[in-house]
Protein chains: 2
Amino acid sequence: MMEKTQRITPRTLKGFRDYLPETMIPRERLTEIAQQVYRSYGFAPIDTPALEYYEILAGKGGDETDKQLYQFEDHGGRRVGLRFDLTVPFARFSAQYINQIGTPFKRYHIGKVWRGENTQAGRYREFMQCDFDTIGTESIVSDIETTLVIHDLLNSIGFEGKYTIRINNRLVLSGLLDKLGLLAKTVPILRALDKLPKIGREKVAEEMIQSADATCQQADAVLQLAELKGTSDEILKSLATMVSGNEAGEEGVEKLGTVIKNVQAAGVPEKTVQIDVSIARGLDYYTGMIYETFLHELPGIGSVCSGGRYDNLASLYTKQQLPGVGASLGLDRLLAAMEELGKIEKISTPADIFIPFFVANRLGDYLKLAVNLRRAGFKVEVYPEAKKLGQQLKYADKRGFAYTVVIGEDEFEQNTCQIKNMKTGETVNCPMTEIALQI
Amino acid sequence: MMEKTQRITPRTLKGFRDYLPETMIPRERLTEIAQQVYRSYGFAPIDTPALEYYEILAGKGGDETDKQLYQFEDHGGRRVGLRFDLTVPFARFSAQYINQIGTPFKRYHIGKVWRGENTQAGRYREFMQCDFDTIGTESIVSDIETTLVIHDLLNSIGFEGKYTIRINNRLVLSGLLDKLGLLAKTVPILRALDKLPKIGREKVAEEMIQSADATCQQADAVLQLAELKGTSDEILKSLATMVSGNEAGEEGVEKLGTVIKNVQAAGVPEKTVQIDVSIARGLDYYTGMIYETFLHELPGIGSVCSGGRYDNLASLYTKQQLPGVGASLGLDRLLAAMEELGKIEKISTPADIFIPFFVANRLGDYLKLAVNLRRAGFKVEVYPEAKKLGQQLKYADKRGFAYTVVIGEDEFEQNTCQIKNMKTGETVNCPMTEIALQI
């Protein structure tokens, strides 16, 4: 027989985490910034179910993803799975509704995804994705806009002047490989090139020679392209020379130039967007522009906002061609970065003002004051118990309120209050009607 | 052999739905209002994983809920389930962290939950919950505040003057039942009483007599209590007489009086909060105050914001006593109601201003104008392709933009533009620098 008092140990699953207020407040702030920026460009929100038919999800992210898929049989005997990204559901969504919605279609989607990965430091089995995409158009305007959105995101989050958006166009390298007669070897070449920052020039060249049958000269030409340094104008000039005569290559260089020119015209500082022909982002998916974003203070954490242009989003589900371009803000990575950089205050209340409650028969007056302050736009918490002031101030301090407004019986009679700045410890006395002016 | 062109039918699981922009925009608006109101009272956000150990979830919501639980074995052989509400995870969360967080603890939690229910009209297997709770205090201040939060939520959503918050205190009925010697029959009495609006007075009395061994007089006394009508003062007086001499009953009446008095002092109109001793909200969980909220225009859809006070949130997971009070905003129900009442505009863009792009070599100028308007606080979409104006205006109309700002080569040269109000069709010509003043 079970005893009534038998308790279950409260715990979360391995690889999963709870968000306490001091982590959830900055996470909500980041998602709100993302929403505001996306909306300011006309991206509209959508949502899709966490659960999808297994066949919708299976085989879309490669073998590794299939293995990590949370899948099971539901009550109706259907094989179902938890989405592992927001791209596959968006492809399914687009195929299903595009005739109703019409193109171009600009959407953002912020939501949780699940992957049964081996848990390592900072890797979770549940995490948020924060994607924006424009589909149904091949226009370069959307590639330019993608860059502008990334710029606005990072600036709004507080990294103005402290990040670089690296851009590339897949056609440039394809053009060069075509010229070199290596187009059929694109995959092994890209695979080798991807390792450049880690293993260095010589080893990459060796790998190209071995796995892609490249000659020394060919490997050298590819590496020269990838290693180009200088201003955007200088790089564009060199690239133009290198791919000259190859149609795809020339188109790629022209597109890079158009993006650079227009984002600068729109006010993005020259240094913020840099051409980097070495970035490839996976091997198959992206076909045109590619974006990566690095924080100057923490380059090692990798790109915090990445994306690119693809030829056809939903070919698995529809005959309709849906080319598009988009990127994804790495919310969790950014949060971790901001924590590491000391950009996150340890605050566990969303409210600005704390009102201790210690004249018990004045409850209505405390509540009314709080209502008035809320109307003036403040976020206000009234302590629920008429305890000693010291205890209540300790609570306020622990939570991290910016201000405490202390009102005792004398203050009520004189219609005044004492405002305490909880960071500096300074106090100011003022009429109750002037609190909004003092804070 | 599989053909490459074999396509998968894009579809969602039965009981699940996608949110297209025109539904997602109002849903995001509602969750933002809820967040703002919760924060304005000092409720802090938390989040918990969608997946929990099965043992955490099982047996917490009754047999029906257990049957509806999405459960399976994960990659590590753990039995896991998708959360079916936000209360059980909050109980687990509280037991786990309360010593670290401290009390009183005020949290809100907005997130998806899953139940494998039989799908009926308007019932989904995935839906959002939107809860707020104060735990770790028995103070009536938190019960008062719960009422104020519900009031602010409904006002902010746009129902000012068009809803009633019905409140009750479980102790009042307990007090009467105790006086009548029927306390041991509370469950069957409540079960019968719950049916009052549906089956009427006589049948409820019959059921009380049959299933709770009540006499005619006893059943009549209970029904008199439940059917009290009048102003709050009148009801409070009658209740006081009816439970007079019984401690619990008197406490319940006093608490109802304190809530009424203080929410009125805080500026809530008298008619908005009404005592209704017939509301019970389930049989076991709530122990003190109870809240339900009805829309005057759609009483039939049921309560759109409900909650109450409970004795001990987390007794299954910890010895620590965690009394609390809270409520849950019925987001999906409210959305459906607003749709039925024509309160939701059919708009599928979050942006205010549409800028057609039709002078191809002026792309940089269009983009720059959009940047400036965004800086001025507008949400602006630039069409990505230099198509015919008519086609672009059709797109703008379909999406539901409020304004279109038309600029051709002449306008660029004269630094002017034409602003078209898309609802009225009116157009205004003005200098480009004055768009913000005209919209």
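Residues numbered from 1 in each chain as written. Chains lettered and ligands numbered in written order. Predicted model: local features only at pLDDT ≥ 70, side-chain atom pairs only at ≥ 80, totals over all residues. Heavy atoms only, no water.

S.K.: Looking at this model, I keep getting lost on empty space enclosed by the protein. Mind explaining?
M.R.: Applying the stated criterion across every chain, the model contains 4 cavities of 30 Å³ or more. Around the largest cavity, the lining is made up of 36 residues, and of these Ile110 and Met128 of chain A together with Ile110, Gly111 and Met128 of chain B lie nearest the centre. Where the lining of the largest cavity is concerned, the elements lending two or more residues are α1 (21-40) and β5 (105-114) of chain A together with α1 (21-40) and β5 (105-114) of chain B. When its volume is computed, the second largest cavity comes out at roughly 60 Å³. For the lining of the second largest cavity, the leading source of residues is strand β6 (residues 126-135) of chain B, giving 3 residues. (1 Å grid on protein atoms, 1.4 Å probe; cavity = no way out; pocket = protein on both sides within 12 Å on 5 of 7 lines; lining within 4 Å. Points joined across faces, edges and corners; volume = space filled by probe spheres on them. Helix = DSSP H or I, 4+ residues; strand = E, 2+ residues; numbered from the N terminus.)

S.K.: What exactly am I supposed to notice about the sheet that holds strand β3 (residues 71-73) of chain A here?
M.R.: Backbone-to-backbone hydrogen bonds pair the strands of a sheet. The strands run either parallel or antiparallel. Residue and element names in this part refer to chain A. On the basis of which strands lie adjacent, the open sheet formed by 3 strands has the order β2-β4-β3 and antiparallel pairing. Two strands lie at the open edges of the sheet, namely β2 (51-53) and β3, each paired on one side alone. When the angles between neighbouring strand axes are averaged without regard to direction, this sheet yields 35 degrees. Direction of pairing for β2 relative to strand β4 (residues 79-82): antiparallel, over a ladder of 3 bridges. The residue of β4 that forms the bridge with Tyr53 is Val80. (Pairing = 2+ DSSP bridges. Axes fitted to C-alpha atoms, helices over the stretch in contact; angles between N-to-C directions.)

S.K.: Help me understand the pattern of salt bridges, please; the structure alone is not making it clear to me.
M.R.: Two side chains carrying opposite charge are able to pair once their charged atoms lie near each other. Following the criterion strictly, the structure yields 52 salt bridges over all chains and no others. The partner of Arg107 of chain A in a salt bridge is Asp133 of chain A, and the shortest N-O contact between them spans 3.0 Å. Placement of Arg107 of chain A in strand β5 and of Asp133 of chain A in strand β6 (residues 126-135) is noted, with a sequence separation of 26 residues between them. With relative accessibility at 0%, the residue Arg107 of chain A sits in the buried group. Residues Arg362 of chain B and Asp365 of chain B are paired through a salt bridge, measuring 2.9 Å at the closest nitrogen-oxygen approach. Look at the salt bridges and you will find they share partners, linking Arg27, Lys112 and Glu126 of chain A together with Asp47 and Arg83 of chain B into a network. (Salt bridge = Lys/Arg side-chain N within 4 Å of Asp/Glu carboxyl O. Buried < 20%, exposed > 50% of the residue type's maximum accessible area, 1.4 Å probe, protein only.)

S.K.: What exactly am I supposed to notice about the relation of the copies chain A and chain B here?
M.R.: A rotation about some axis, followed by a shift along it, carries one copy of the chain onto the other. Take chain A, turn it by 180 degrees, move it 0.0 Å along the axis, and it overlays chain B with an RMSD of 0.1 Å. Taken together, the rotation angle and the small translation identify this as a two-fold axis. Distance from the rotation axis, computed per C-alpha, reaches its smallest value in chain A at Phe72 of chain A: 3.1 Å. A share of 100% of the interface residues of chain A reappears at the interface of chain B, consistent with the copies meeting face to face through the same patch. (Least-squares fit on C-alpha atoms with pLDDT ≥ 70 in both. Contact = heavy atoms within 4.5 Å.)

S.K.: Would you take a moment to explain the sheet that holds strand β2 (residues 51-53) of chain B for this structure?
M.R.: Residue and element names in this part refer to chain B. The strand order across the open sheet formed by 3 strands is β2-β4-β3, and the pairing between neighbours is antiparallel. Only two strands of the sheet have a single neighbouring strand rather than two, namely β2 and β3 (71-73). For this sheet, the mean angle separating the axes of adjacent strands, direction not counted, is 35 degrees. The sheet contact formed by β3 and strand β4 (residues 79-82) spans 3 bridges and is antiparallel. Pairing of Glu73 across the sheet is with Arg79, part of β4.

S.K.: Explanation requested: unusual backbone geometry in the structure shown.
M.R.: Residues other than glycine predominantly adopt negative phi, and peptide bonds predominantly adopt the trans conformation. The omega torsion across Thr103 of chain A and Pro104 of chain A is -5 degrees, close enough to zero to call that bond cis. With respect to the secondary-structure elements, Pro104 of chain A resides in the loop between α4 (87-101) and β5. Phi is positive for Asn415 of chain B, close to 60 degrees, though the residue is something other than glycine. Of note, Asn415 of chain B is situated in the loop between α16 (409-414) and β15 (416-421).

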